[in-house]
Structure formats: C-alpha cells, structure tokens
Amino acid sequence: MSERISVVEIAKLFLFHWWRIALAAVAGAVLAFGISTQYIEPTYTSRGSLYVNNNTLQRSQNVNLTDIATSQQLALTCIPILTSDTFLTSVKEASGLPYSVGQIKGMLTLTPLNETEILEVRVKSHDKEHSYILVDAVLEGAQKQILSIVEAGNVKVVDKATKPKAPSSPNHVQNVAVGFLAGAALSMLLVFLLDVFDSRVKVEGDMMEVRELPLLGVIPDIDYTRLEEKKNGKK
C-alpha cells in the first residue's frame, strides 16, 4: 500500500470489509448488553427538595435582588452543613440502616436547582427502599440542623422523598449503543492497521513504488476454465 493514504482509499477499504465491521459492532453490542444486565448491579435514586431563604426575604413584600442572592448563598451554605459528619451521624441513627457515615456521604448529593433557593436532595443506593429512607431522614433533620447552626432563615420541605420505581442505572440502551460503536471502531482500526502493514504487492503501482522502476509488463490472471466453458457453450 502507498505511503500516502487518501480518504477515498480508506473508505473503499472499510466498504470492502463492511461485513467484518458490522459483525464486530453487533458482537460489541451483545457483549455490552450482557455485561449491563448480568454484571452491573442496578442503582436506585430517591429525590426530595428543600426551600431555604432568609427571614428578610420571607417577611418582605418588596423582594430585591440582594435578598434573593442572600437566600441563594444560604442554600449553598446548607450543603456543607448537611454533609457534615455530625448531621450524617444523626441521619444514620434516624434511618436505622447499616451504613457508615462515609457510605451515606458517598450516596448523598445536594444540588441547588437552577441557582435558586431550592436545594435538591438525592440518594443513590442499590436498594430502592434504602434510598427512600435516607432521603426522608435528611429532609426530616435538615431544618433543625440548619437553623441550629445558621440561626437565621427558614427551611421548608418542598418535595417529600420519592420511592423509585425503576433503576436509574445502568442505562441498557446507552450501554448497548456504546458497545456497538466500540465494536465498530475497534474492527475498523484493526482492518486499517492490517492493511497498512500488509507488504504484499496487490496492484501495478505498488511494484513501481517499491522498486522505483517502470513496469514493462504484467502476467494476466486468466481463468482458463471459464474460457473453455465459453468456447464449449458457443459450439
């Protein structure tokens, strides 16, 4: 093969080996589906939310940007409070579940919704009932914990803990798609590399590039059997 490989040549190469690429892509998809369904343990996510604001914002009839910014900052301040070892120890005791404080911290996620005063509480667990219990325990203890430390503001539960009905992960469709693309990509790379390192002479131009000499003649590859059949057919 020539040292310079054009895009057209690469496209022709892949088109010639299309069935190998398709077979590898399907194999990758089947393998990904098997791993996703058999070896990845399902994870369930329970959600809830808290509304956090300062007392000024709650009492004021004329709300300005400063009041809103203060409440948003208060919501951000609540995150380290609700992920502290002290609070999570109380969550562990309230839930009665056999998790350590470190495990609960790894399962818990607190996120301000669209930079508002609403704080979303999420817990991921391999047990859907456990994720629900932990979110409920966080929501129940959040108000007392925040007000005892900040000593200002107001905390209310907006959305109570939800019981997950279906796993949030793994995403079987996404995993199959990734496996399909990975299988196709690997097979295309393998086909390309095998062709690049193939030193056999395939066309006249390859011999001219190797020897840098003009080609005087080519021995044709004649199928004498077909010629004989054609002759007999004419007769």
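Criteria and thresholds
- Residues numbered from 1 in each chain as written.
- Predicted model: local features only at pLDDT ≥ 70, side-chain atom pairs only at ≥ 80, totals over all residues.
- Heavy atoms only, no water.
- Axes fitted to C-alpha atoms, helices over the stretch in contact; angles between N-to-C directions.
- Helix = DSSP H or I, 4+ residues; strand = E, 2+ residues; numbered from the N terminus.
- Parallel < 35°, antiparallel > 145°, perpendicular 65-115°, else oblique.
- Left-handed = near helix turned anticlockwise from the far one by under 90°.
- Contact = heavy atoms within 4.5 Å.
- Nonpolar A, V, L, I, M, F, W, Y, C, P; charged D, E, K, R; others polar.
- Expected span 1.5 Å × (residues − 1).
- Buried < 20%, exposed > 50% of the residue type's maximum accessible area, 1.4 Å probe, protein only.
- Arc of directions from axis to C-beta.
- Polar contact = N/O pair within 3.5 Å; in protein donor to acceptor, adjacent residues only side chain to side chain.
- Pairing = 2+ DSSP bridges.
- Core = buried A, V, L, I, M, F, W, Y, C linked by side-chain atoms within 4.5 Å.
- Salt bridge = Lys/Arg side-chain N within 4 Å of Asp/Glu carboxyl O.

### Re the packing of helix 1 (residues 7-16) against helix 8 (residues 172-196)
At step 1: Relative orientation of the contacting elements helix 1 and helix 8 amounts to 115 degrees, with a least axis distance of 10 Å. Between helix 1 and helix 8, the angle is such that the two are roughly perpendicular. Helix 8 is crossed by helix 1, and the crossing has right-handed handedness. Of the residues in helix 8, those in contact with Ile-10, Leu-13 and Phe-14 of helix 1 are Met-188, Val-191, Phe-192 and Asp-195.
At step 2: Looking at the contact of helix 1 with helix 8 residue by residue, the classes come out as six nonpolar, no polar and one charged.

### Some remarks on helix 2 (residues 18-38)
At step 1: Taking 1.5 Å as the rise per residue, helix 2 with 21 residues should run 30 Å; its terminal C-alpha atoms sit 30 Å apart, in good agreement.
At step 2: When we look at burial in helix 2, the residues that qualify are Ile-21, Ala-25, Gly-28, Ala-29, Ala-32 and Ser-36. Projected down its long axis, helix 2 shows its buried positions confined to an angular sector of 100 degrees, all on one face. Those residues of helix 2 that are exposed and aimed more than 90 degrees away from the buried face are Leu-23, Val-30, Leu-31 and Gln-38.
At step 3: Looking at the buried residues of helix 2, the elements they touch are helix 1 and helix 8.

### Regarding the environment of Thr-45
At step 1: Secondary-structure assignment places Thr-45 in strand 1 (residues 44-53).
At step 2: Exposure remark for Thr-45: the relative accessible area of 8% places this residue in the buried category.
At step 3: Separated by 87 residues in sequence, Thr-45 and Tyr-132 place their C-alpha atoms 7.9 Å apart.
At step 4: Residues within four places of Thr-45 in sequence aside, it is in contact with Arg-122, Val-123, Lys-124, Ser-131, Pro-164 and Ser-168.
At step 5: Engagement of the side chain of Thr-45 in a polar contact is seen with the side chain of Ser-168, the distance being 2.8 Å.

### Remarks on the environment of Ile-104
At step 1: Residue placement: Ile-104 occurs in helix 6 (residues 101-107).
At step 2: For the pair Ile-104 and Asp-85, spaced 19 residues apart in the sequence, the C-alpha separation amounts to 9.8 Å.
At step 3: Once residues within four sequence positions are removed from consideration, Ile-104 is found in contact with Leu-88, Lys-92, Tyr-99 and Leu-134.

### Topic: the pairing of strand 1
At step 1: Most of strand 1 sits inside the fold, with eight of its 10 residues counted as buried.
At step 2: Pairing geometry for strand 1 and strand 3 (residues 118-125), over eight bridges, is antiparallel. Bridge assignment links Thr-45 to a residue of strand 3, and that residue is Lys-124.
At step 3: Pairing of strand 1 with strand 4 (residues 154-159) involves five bridges; the strand directions are antiparallel. Looking across to strand 4, one finds that Leu-50 is bridged to Val-157.

### A short note on the sheet that holds strand 4
At step 1: The strand order across the open sheet built from four strands is 2-3-1-4, with neighbouring strands paired in antiparallel fashion. Strands with a single pairing partner mark the edges of an open sheet, and in this sheet they are strand 2 (108-112) and strand 4. Each strand of the sheet is rotated relative to its neighbour by a mean of 25 degrees, with strand direction disregarded.
At step 2: As paired strands, strand 2 and strand 3 are joined by five bridges and run antiparallel to one another. Along strand 3, the bridge assignment pairs Pro-112 with Leu-119.
At step 3: Sitting on the sheet, helix 7 (residues 128-150) touches strand 1, strand 2, strand 3 and strand 4, and the angle it makes with strand 1 is about 15 degrees.

### Considering the nonpolar core
At step 1: If you look at the biggest cluster of nonpolar residues, it comprises 29 residues, and the most contacted ones within it are Leu-50, Leu-82, Leu-108, Val-121, Leu-134 and Ile-146.
At step 2: Those elements giving two or more residues to this core turn out to be strand 1, helix 4 (65-82), helix 5 (85-95), helix 6, strand 2, strand 3 and helix 7.
At step 3: Ranked by residues supplied to this core, first place goes to helix 7 with seven residues.
At step 4: Those residues in contact with Leu-108 that lie beyond four places of it in its chain are Leu-82, Thr-83, Leu-88, Val-121, Arg-122, Val-123 and Val-138.
At step 5: With six residues, the next largest nonpolar core counts Phe-14, Ile-21, Ala-184 and Val-191 among its residues.

### With respect to the pattern of salt bridges
At step 1: Taken as a whole, this structure holds three salt bridges when the rule is applied.
At step 2: Between Arg-47 and Glu-120 there is a salt bridge, with its nearest N and O atoms 3.6 Å apart. Highlighted residues: Arg-47 in strand 1 and Glu-120 in strand 3, separated in sequence by 73 residues.
At step 3: On the accessibility criterion, Arg-47 (41% relative accessible area) is partly exposed.
At step 4: Asp-85 is the salt-bridge partner of Lys-105, the closest N and O atoms lying 2.9 Å from each other. Within this pair, whereas Lys-105 is found in helix 6, its partner Asp-85 is found in helix 5, the two being separated by 20 residues in sequence.

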